[in-house]
Protein chains: 2
Amino acid sequence: MNCIIRVNMLTQKITEEPVPEAYRLLGARGLNARILLDEVDADCEPLGSRNKLIISPGLMAGTSASSSSRLSYGGKSPLTGTIKEANAGGNNAAYLARLGIKSVIIEDIPNTKDLFILYLGANRKELILANELKGKRVYETGEILKQRFENVGIACIGPAGEQLMATAGIANTNSEDEPERFAARGGLGAVMGSKGLKAIVIEKTKDKVRIQDEKAFMEGRKKYTNGLLKNETTGQGLPQWSTLVLVDPINAAGDMTVKNMSQGEWDECDHVNAQTMVDLINERGSGKMGHPCQRGCIIRCSNKYPGKNGENVCKIDYETVALLGPNLLINNLDAIAEINRKCNDVGVDTMEIAGALGVAMEAGVLNWGDSDRVLEIIDEIATGTVLGKLIGAGALSTGRVLGIKRIPVVKGQTWGGYDPRASKGQGVTYVTTPQGADHNAGYVVSAEVLKLGLDLDPLTTDGKVDVSLAYQNYAGTFDCLGICVMATYATFPDPSCLEGVVKMVNAVYGSDFTAETIFQLGDNMIASEREFNRRAGIVINRPPEFIVNEPLPPHNVVWDVPFKDLDRIV
Amino acid sequence: MNCIIRVNMLTQKITEEPVPEAYRLLGARGLNARILLDEVDADCEPLGSRNKLIISPGLMAGTSASSSSRLSYGGKSPLTGTIKEANAGGNNAAYLARLGIKSVIIEDIPNTKDLFILYLGANRKELILANELKGKRVYETGEILKQRFENVGIACIGPAGEQLMATAGIANTNSEDEPERFAARGGLGAVMGSKGLKAIVIEKTKDKVRIQDEKAFMEGRKKYTNGLLKNETTGQGLPQWSTLVLVDPINAAGDMTVKNMSQGEWDECDHVNAQTMVDLINERGSGKMGHPCQRGCIIRCSNKYPGKNGENVCKIDYETVALLGPNLLINNLDAIAEINRKCNDVGVDTMEIAGALGVAMEAGVLNWGDSDRVLEIIDEIATGTVLGKLIGAGALSTGRVLGIKRIPVVKGQTWGGYDPRASKGQGVTYVTTPQGADHNAGYVVSAEVLKLGLDLDPLTTDGKVDVSLAYQNYAGTFDCLGICVMATYATFPDPSCLEGVVKMVNAVYGSDFTAETIFQLGDNMIASEREFNRRAGIVINRPPEFIVNEPLPPHNVVWDVPFKDLDRIV
């Protein structure tokens, strides 16, 4: 990866720049943070000309290492006002890496209302006028672009991104060229929309990324692969059951997100758990679990949810199921999958939309569990009614407008499918990550509820700030590498698996990381992110007051981490 | 004023406390700021149990000094997230002062959905269950309470405050016992609503406030009164023409707020200027200008706008006319007055609603100039439709939800009827006051456009930060005294008039302020406000980007005060 592509949407100029030495050992979220800090005024308006959309593969992108090609999008978030990173699976990161592209920097905004496609190929890089795609939904956009450009990966936005909605994500094609791997969080689809960019089309080349020491790489890869395969979670739980494997244990722990965060368990979770999906997949025909979102992924936590006639609806995952299911009292996996597909199609983050809908149900705008009305409202996001735009603005805006005080957000972003009161260390991650509430930023649930690698009491606060910070650092490091956080289930408890990762990195870059020093990547990245936030005026870490005041059944616990312990993390 | 009344809405307990010595020479906005800093966690949620609503008369309240009984409401704002002060005319401050009440502190929130009246009398202070007032509009609430309690001043909220809308204000009875003097700005009506308080009823007593040196007071008062009478603005312009006297010069200066801030002048302003109103008042019967909002006010800048049959509609003032008129392209004073009355009735800030409507018109939600639809939407605020709630959330929320980038706010609050690009020092006030955009916080327009007391070029930036800070300090000092900022038109250019004020203050309190040291009141107050904001995490002063990027016709100027000059004010 030897060049940075800079695209100015005002002048329509595309330039190719060498990679500064200081960026060489940065990748994905880590590189995005550094470029944002170096180039973007943190006080800018997220949808204005001064913000930039940065798109970077990770350090390991394009190699044959499993799960190593997450694609990272970065910018200042219209949802949170903080620095923002959202990463997606699929193969786009690998394609960019094979083109030698370390990062794509989209800057400024056009002075017309035209829409563009950015084509990135080995021999040409160009902006193509594409007003015919205006208002097109994501799946149709994907179809049109696949027809028009052969042998490409696609990233695109839907009507939500074009309308600058703070819940808009960026769809990326998966291993089967379906545009449903979302860089969903924080409204970066709106940033892309603000720049008049409907899609990015990336040529698949046969080029390989350069590896300095192939032999060492293969040795590292073997250790890493073995670790993934023998780990119970990455080798069995996820490929066999998908992330829906979480539904039962999280509900059993009283940590589920139920009825807009008013309960921690729900007696109808067995309608939306992994067993239900596996049964349906068996009944309806495909019979196959364990889909990889990107080529060569061993973990294969994805799936293809089958419709009533066996047709592929879309992949569904735990966070979406928890927040659209128990959180909205929708006890029907078919309905959830259909809502998920429609969210994909209009181009929005399922989690943020679910957060907004939970708040809207609490306000009486629609009834609990009314999945038909939910589907109508998601269509209204595309058509842009006032209600559609309100839900499309996310949970915090929805709650403030509707006068609701129980809004499950930190720094404006809806949290994941784990109530912070019943997994208090996970709550520290929500409250303190520079990203706004983000379950993946430091997944302490794995220790507090799942007991993977570490066994912590979920209901105590002692030491949880330090645990969360360590997990944030660990996950952040993998975000820099572009390796899926799912792999950390295996590396965390298994020194040999982690050694494999370090060895691969050193083999590619000729670097001399150790299993200790590699975590400087996460450390430095998070420091950059916090510095960006400081400059943006985001200087306080606080939970929403309802989790401090309202005990969560069945444990009847509040989130009681002392605020003073949060104040040292700014 | 020898006691502080503390009302806990959870325990329903009312206590009477002596005034701490440190608070003795603080009043109104200054006392509110100090109490908020002393008692309220700045990181609290504005509508949660930790916020407080503080209600304080100024230092001169209840005396016979003209224009000296503004009543100041304070709290953390649900609109801006900053400290907030909103003050209102009428006699309520005088009534509180005569009861000896230096401040009323409303704290905590009830654990029921009951609504209450707080009755404050000489012999009893009590909370009265008042669920029969639920959903009642402001004018009807005023009528009911006047019938039920005789000889009282009333402060109340409308349906907007009950629904916790960020545009909700607090209505106060005027000199004719009509509840239409609003502490409008920043959503303090929602804070009152969050505490389950529908109204405050204040007994009118015959008691006088204590004055330590009556003779000196009368001497000071004479100087002050003479100054007000002989000043062109306070002695003639305002009583004869009301604040609508501003329409023509502001428009002529290209500083008007037109079509959601896309132009600085409008060729239909002659339909909404002072002459138009004066003609209507003459034609339709009353023939009288120069209404005082509170007893004994010499300036009498208020008015009674006459309906088609000569009936009193409500008072209208410049900011409301500028923002509902030119800003929405409504060229009809009857329509503006009717909208103003309906805003009063549902209990919202006309300025913030106008800001939200301008943004909604730009988004195509309703047509420019469609005053009938505006009236319907304001009814929807009361009934709580999604659109009503959206507009009721203010301009920033409305703009964000609707995907509009030209939103005329700073720190979430809509600015006044002067475009900052054509009065750049006024823009500094909008951007840097701790209150969020607030024209009265430092009215540099008086020098830049009106040339009163000082003649500054409105289109230059040199020295404007210092000018604005000086004006903020000056206005802030009068806010502490509880003297209407209109009086500063007279005191600013006339040392004798200011001397009169200082002499009155010293006569009441036995203090030894001079014409220099009295401004420490404003200085200390603003320092407290900034400190509160810092603790709340509000640490950046920035204009919305559109005023930096979009030249404003006819001068085709942008707001180009360097950001680094703003950074020293935090």
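The paragraphs below set out a description of the structure included in this document. Since we're looking at a predicted model, the values are computed, not measured.

When helices and strands are counted, chain A shows 23 helices and 16 strands. With the C-alpha coordinates of chain A rotated into their principal frame, the extents come out at 60 × 55 × 50 Å. A total of 570 residues make up chain A; the buried ones form 67% of that total. Once local pairs closer than 6 in sequence are excluded, the contacts in chain A between residues at least 24 apart make up 70%. Surface accessibility of chain A: about 18,400 Å² in total, with carbon and sulfur atoms responsible for 47%.

This paragraph deals with the interface of chain B and chain A. Every contact between the two is made by 32 residues of chain B and, on the other side, 33 residues of chain A. For the pair chain B and chain A, the two sides together bury roughly 2,500 Å², of which 57% comes from carbon and sulfur. Sorting the residues of chain B by area buried against chain A places V401, K405 and E545 of chain B first, and these three jointly supply 26% of that buried surface. The partner of R50 of chain B in a salt bridge is E545 of chain A, with the nearest N and O atoms 2.9 Å apart. Where chain B packs against chain A, one counts 8 residue pairs in polar contact (both at pLDDT 80 or more).

What follows is about the environment of D466 of chain A. Summarising the element assignment, D466 of chain A is placed in helix α18 (residues 464–481). Distance from D466 of chain A to G235 of chain A, taken between C-alpha atoms, is 29 Å for residues 231 residues apart in sequence.

Residues and elements named next belong to chain A. Across the sheet, 6 strands lie side by side as β2-β1-β6-β3-β4-β5; this open sheet has mixed pairing. Edge positions in the sheet fall to β2 (13–18) and β5 (83–88), since each of these pairs with one other strand and no more. Each adjacent strand pair in this sheet contributes to an overall mean axis angle of 20°, direction not counted. Pairing between strand β4 (residues 71–76) and β5: 6 bridges, direction antiparallel. Within the sheet, the bridge partner assigned to K76 lies in β5 and is I83. Against the sheet, helix α1 (residues 28–39) touches β1 (3–8), β3 (52–57), β4, β5 and β6 (101–107), its axis set at about 150° to β3.

Counted according to the given criterion, the structure contains 88 salt bridges over all chains. Across the pair E17 of chain A and R6 of chain A runs a salt bridge whose closest N-O atoms are separated by 2.6 Å. Remark: R6 of chain A occurs in strand β1 and E17 of chain A occurs in strand β2; sequence separation between them is 11 residues. For the salt bridge of R373 of chain B with E380 of chain B, the shortest nitrogen-to-oxygen distance reads 3.4 Å.

Here we take up the relation of the copies chain B and chain A. Each copy of the sequence occupies a distinct position, and chain B is placed on chain A by a rotation of 180° and an axial shift of 0.0 Å, giving an RMSD of 0.0 Å. Expressed as a symmetry operation, the mapping of one chain copy onto the other fits a two-fold axis. A high fraction, 100%, of the interface residues of chain B reappear at the interface in chain A, so the copies pair face to face through one surface.

With that settled, consider the nonpolar core. Core analysis: the largest hydrophobic core is formed by 347 residues, its most contacted members being V104 of chain A together with V104 of chain B. Among all residues touching V104 of chain B, those that are not within four sequence positions of it are I5, V7, L53, I54, I55, L96, L118 and L120 of chain B.

Definitions and limits used
- Residues numbered from 1 in each chain as written.
- Chains lettered and ligands numbered in written order.
- Predicted model: local features only at pLDDT ≥ 70, side-chain atom pairs only at ≥ 80, totals over all residues.
- Heavy atoms only, no water.
- Helix = DSSP H or I, 4+ residues; strand = E, 2+ residues; numbered from the N terminus.
- Buried < 20%, exposed > 50% of the residue type's maximum accessible area, 1.4 Å probe, protein only.
- Contact = heavy atoms within 4.5 Å.
- Areas by Shrake-Rupley, 256 points an atom, 1.4 Å probe, with all protein chains shown as cover.
- Buried area = accessible area lost by both parts, 1.4 Å probe.
- Salt bridge = Lys/Arg side-chain N within 4 Å of Asp/Glu carboxyl O.
- Polar contact = N/O pair within 3.5 Å; in protein donor to acceptor, adjacent residues only side chain to side chain.
- Pairing = 2+ DSSP bridges.
- Axes fitted to C-alpha atoms, helices over the stretch in contact; angles between N-to-C directions.
- Least-squares fit on C-alpha atoms with pLDDT ≥ 70 in both.
- Core = buried A, V, L, I, M, F, W, Y, C linked by side-chain atoms within 4.5 Å.

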